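# Descriptive structure summary
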Amino acid sequence: MFSSWVFLVKKCYQDTDTSLQSSIITKVKGVTFTNTSELGERLWDVADYVIPPQGENVFFVITNLVVTPNQRQETCAESASVPDALCYEDSDCPPGEPVAAGNGVRTGRCLREGSAQKGTCEIFAWCPVETRSRPTKPLLGEAKDFTVYIKNFIRFPKFNFSKTNVLDTTDRTFLKSCKFSPENPYCPIFRLGSVVSWTGSNFQEIAVQGGVIGIQIEWDCDLDKAPSECYPRYYFNRLDNRFSGNSISSGYNFRFAKYYRDAAGVEFRTLFKAYGIRFDVMVNGKAGKFNIIPTIINVGSGVALMGVGSFFCDLVLIYFIKKSHFYRDKKYEEVRDLEVLAQMAESSQQSVAPDAAGLAEQPEAQDEGGAQKENGCVCGQLLQPARSGHQGNGKVNVEQLQSLQTVEA
Amino acid sequence: MFSSWVFLVKKCYQDTDTSLQSSIITKVKGVTFTNTSELGERLWDVADYVIPPQGENVFFVITNLVVTPNQRQETCAESASVPDALCYEDSDCPPGEPVAAGNGVRTGRCLREGSAQKGTCEIFAWCPVETRSRPTKPLLGEAKDFTVYIKNFIRFPKFNFSKTNVLDTTDRTFLKSCKFSPENPYCPIFRLGSVVSWTGSNFQEIAVQGGVIGIQIEWDCDLDKAPSECYPRYYFNRLDNRFSGNSISSGYNFRFAKYYRDAAGVEFRTLFKAYGIRFDVMVNGKAGKFNIIPTIINVGSGVALMGVGSFFCDLVLIYFIKKSHFYRDKKYEEVRDLEVLAQMAESSQQSVAPDAAGLAEQPEAQDEGGAQKENGCVCGQLLQPARSGHQGNGKVNVEQLQSLQTVEA
Amino acid sequence: MFSSWVFLVKKCYQDTDTSLQSSIITKVKGVTFTNTSELGERLWDVADYVIPPQGENVFFVITNLVVTPNQRQETCAESASVPDALCYEDSDCPPGEPVAAGNGVRTGRCLREGSAQKGTCEIFAWCPVETRSRPTKPLLGEAKDFTVYIKNFIRFPKFNFSKTNVLDTTDRTFLKSCKFSPENPYCPIFRLGSVVSWTGSNFQEIAVQGGVIGIQIEWDCDLDKAPSECYPRYYFNRLDNRFSGNSISSGYNFRFAKYYRDAAGVEFRTLFKAYGIRFDVMVNGKAGKFNIIPTIINVGSGVALMGVGSFFCDLVLIYFIKKSHFYRDKKYEEVRDLEVLAQMAESSQQSVAPDAAGLAEQPEAQDEGGAQKENGCVCGQLLQPARSGHQGNGKVNVEQLQSLQTVEA
């Protein structure tokens, strides 16, 4: 019973394919308008705020920005927030030496404002250096209403089965208007704000200091059923250390620059320190389909291990169980002659047979020795609970193999 | 026989390493010339059409383009192809609200051309907005003659074995002139048009609307052989949903922009909607090398499971097979005294021995009891077909373990 | 003994999770100053030399550069280093045909300097074409002092356990000043020069011609212990073919361009051929935690296979060992009546029991037949060495399953 249940539930009759081929195409949509003193009125569209633009499985949406425009290669004062740049006199600023964790190379001068005792070293760098700190309100807070369309194509090479996560509908407006939700799992268009909330995070908080969110797509397909039964499941997780007390290790940001040339051909740049949300889309899956080979193997090794199990059971019953006297008496009471005894030497092994799922015929039906039959029955009845445990044992070993295959992806 | 065959074919005597370390470097070559009304005469080289430029395992080659030059942050009419932008009067355009799936934020005015009843909302956006549709003939159709050089370095850490897919030749011109083909598998330089055709796709079609192509490199190395026997195999697959009737979910494109500043320092940009082919290079592999430990383990567990198998066989033979009378008679006919009978209680187990591959000595050679010997033989002969099946069983279980290791990568 | 040792060492009592969720955030720090004839005095910061800027698990640090500034779309002579561009007369340069492995499309003219017999075809291309060769001294050789901060967050979904590789300290200055070293493994800030040297490479050599370096982070966590016992281990490997005699297949470089517009709106660009080091950060790991299910399964299948093992041992002892006469005599000397003999038919199987780890009671304690007991003991003593080997066999099979789980990641 138990072993058959394991066999069916674990689909031991199926050949499985875990070498999923997958491709992800992502496309973010949405615009937002900002009006700040640094940038003036500005509209942000996808080409502005998605990095990189290619629509791969990893993409970053800018939600907050520190902009340092018009940087040029020249000399200026290092930022006062860099500890290594503090100086009292020129000798504190050895020329040619880079400022540790700073923005440039010291020129040898100590710049002090007015009559201040303390200043910062003058550096050769992209000047002016970045001095502004992170806005406490996200610049692109409206990003929560942006959407991302995730196209996932998968293929199981062993079964030459391929599918996408996009519902194959002729209704062209479906994809133009739908939004993914637990009630609408066939629409692969996700609102960023919803994705963040499904991970248990607060959008405003992640938008201010940045973060990483994992979107997992899982395909677990039983190809013995209809293709429509093979559909993706989505899981959302926060993948950065949001609870760190250590502010230096929380959030996610990086710097990049846009380079320009002025009329004289001199290069200048705008430096951006971008905070935002990185989305990592990950796919895994497996497919199973009936195949006679694993069926035989699993039935076979199940039977093999069950055989051992029943020997062990028999042993336990005969020697360790308190009622062993009764059992031994039952087992051997009708022994009458040598030949029957010889058969009996095999009899303990017979208990393998009744459980061999693949064998339809009952062993007793072909059995002629009355003594044998009775012993077999008694054995069979007494062993029932213990044996099924051991069948479980044997089967679960197979199950363990199966679950190994599950774990890989 | 069968079990030995499995043992040899499945290389159960080898230790395997599936934790492949791999690095991919790709380099696309080729130039093409276009002459369009928007762009004029233009030459495209690698720095123009490969995104990202780093030569990683995923790279994208532009084959088609919609260019919208000289976009500036200002107000203009939204594209008429955006359903949400249609308006009859100004009140249809609530100011400050972004156009759904549009390019900007409404200013509050409805722009109608001439005396037309219907128009589109005025928006603040990167203006003018993109209005052109996809060219039906690929701009960079000549991309089919571009080549990509795929350098793959692998290392099996367990065996400290490393290799590349580049033939280690002293002939410097080989790599400058060769092209990969089924007849020339040692040249890792691929013509894009050929790669596309090997996936069964049409280059012009994929060039127009874009697509994703997977290039798989497989290493299956037997390190007991010469290093030159360890070479890569290449597989090519189309990894996007080419047969979708739903046009919104087919192809591959994305938008990116190049940003400029004019003499007054005002930013403007050229927006590109790029269609093209994304290539995903994937590597997997395993290596095997003789090792005494797995040899012992596999011989051992094979023998162990075979033991069980033979018990089961014996049982089947004695009780279920129609000729059981004959077999039982044969088995027990020469029983003469108690001691021999006692030995016989073990005799059914003897059938394990002849197959135990590791045991060179034949058990019969040390056998003194004539009755025993004959029984053993009879058993051996009768069991032959059934038993090899069960050896297979035992062995295939080991095989299953091995193939598990194969699947991971 | 051996099987218990395997059970404990291999942690067969644990449930394991190998489906690690991981995110990597990298941040490079450091500036360097160069003074070359092409570029003049220039300071390089992170936004200049790290590609791509996003701080993902793969990042590239420029260490050497060939710069070709002010390229425009026009006609010029092809580089003489391109073999296909050599010409003697105009007919060698069919117009409209791209130069193989060259930079542009032939215009039909053969450009010869002065009275030289040989020249190169005129091409339409980004002119002037790149002609400089790789500097033999790395431009950004100081990159060896740059540091990279690798933030790794992991999560084992099965146990809902998450951790980062950053020591959770309240000491804010720790991360500002520490450097990773074998003596300081809890500081995830790596000096690039040290990373290169740990792979056994020379920094100046890799900086000149480029290369790929793998940084592996391994988590092997026993969640039955304190969370602080779950920490990452780092491994560093060179992942490109450094020993190739074939210069075309060694090193790592790629070309990219920065695009500008002049006052007239004409596009020009600066082409960079960047040599440098690509770092691939890879994470794998597994976690184990006590669970009753795998404990039962492993004990069970161990016992099952041991059972087989002991049968086989018994067989070997009785028939193959030279002292078999002694053993058989010992085994059967006290046989007196039919019933005892019948018990004996089971007795060889009894040897399973003493090893069944889960069974605390000794089988002999409940045994009443003196003959049985003595036989059991003799069997037990004689079998001891052989049997533990076979238990090992059984157990190692389980061990094999476990190690399979180890291999995946």
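Here, every reference points to the structure presented above.
Throughout, residues of each chain are indexed from 1 in the direction in which the sequence is written. Both sets of labels track the order of writing: A upward for chains, 1 upward for ligands. Local features in this predicted model are restricted to residues of pLDDT 70 or higher, and side-chain atom pairs are both shown and tallied only at a pLDDT of 80 or more, whereas totals for entire chains, interfaces and linings draw on every residue. To get the side-chain values, all heavy atoms of the structure are used, and hydrogens and water are removed first.

## Things to note about the pattern of salt bridges
Opposite charge on two side chains makes pairing possible when the charged atoms of those side chains draw close. Each salt bridge in this description consists of a side-chain nitrogen of Lys or Arg and a carboxyl oxygen of Asp or Glu lying within 4 Å of one another. Considering all chains together, one arrives at 48 salt bridges over all chains under this definition. For K286(B), the salt bridge goes to D220(B), with nearest N and O atoms at 3.5 Å. Taken together, the residues K286(B) in strand β16 (residues 267-290) and D220(B) in strand β13 (residues 211-222) connect sequence positions 66 residues apart. When a residue's accessible area, from a 1.4 Å probe over protein chains only, is under 20% of the maximum for its type it is buried; when over 50% it is exposed; and in between it is partly exposed. Look at D220(B) and you get partly exposed, because its relative accessible area is 47%. For D240(B), the salt bridge identified is with R238(B), shortest N-O distance 2.6 Å. Neither residue differs from the other here; D240(B) and R238(B) are each classed as buried. Through salt bridges with shared partners, one network takes in R42(A), D45(A), D48(A), K258(A), E267(B) and R269(B). The helix count covers DSSP runs of H or I at least four residues long, the strand count covers runs of E at least two residues long, and both are numbered beginning at the N terminus.

## Looking at the pairing of strand β3 (residues 32-36) of chain A
Residue and element names in this part refer to chain A. Strands are labelled as partners when DSSP assigns at least two bridges between them. Where β3 meets strand β4 (residues 40-44), five bridges bridge the pair, whose relative direction is antiparallel. Considered in β4, the bridge of F33 is made with L43. Here β3 hands over to β4 after three residues, the two strands then running antiparallel side by side.

## Some thoughts on the state of the cysteines
Residue and element names in this part refer to chain B. Only a pair of cysteine sulfur atoms within 2.5 Å counts as a disulfide in this structure description. This model, assessed by the stated rule, comprises 15 disulfides over all chains. Paired by a disulfide, C221 and C230 hold their sulfur atoms 1.9 Å apart. On the S-S bond that ties C221 to C230, the torsion sits near 60 degrees, and the link is right-handed. Judged by its relative accessible area of 2%, C221 is buried. The exposure class assigned to C230 is buried, which follows from its relative accessible area of 1%. Here the bonded cysteines of chain A are numbered in sequence order, and their pairing is 1-6, 2-4, 3-5, 7-8, 9-10.

## Overview of the environment of Q204(B)
Secondary-structure assignment places Q204(B) in helix α5 (residues 203-209). Separated by 104 residues in sequence, Q204(B) and A100(B) place their C-alpha atoms 33 Å apart.

## Overview of unusual backbone geometry
Here the amide bond leading from I51(A) into P52(A) is cis, since omega sits at -10 degrees, within 30 degrees of zero. As for its placement among the helices and strands, P52(A) is situated in the loop between β5 (50-51) and β6 (58-77). Note the cis peptide between C127(B) and P128(B), where omega equals -5 degrees. Structurally, the position occupied by P128(B) is in the loop between β9 (119-127) and β10 (147-156). The phi torsion at A101(A) lies on the positive side, around 55 degrees, for a residue other than glycine. Position of A101(A) among the secondary structure elements: in the loop between β7 (86-87) and β8 (105-111). Taking the relative accessible area as the measure of exposure, A101(A) reaches 59% and is therefore exposed. Look at N160(C): it is not a glycine, yet its phi comes out positive at around 50 degrees.

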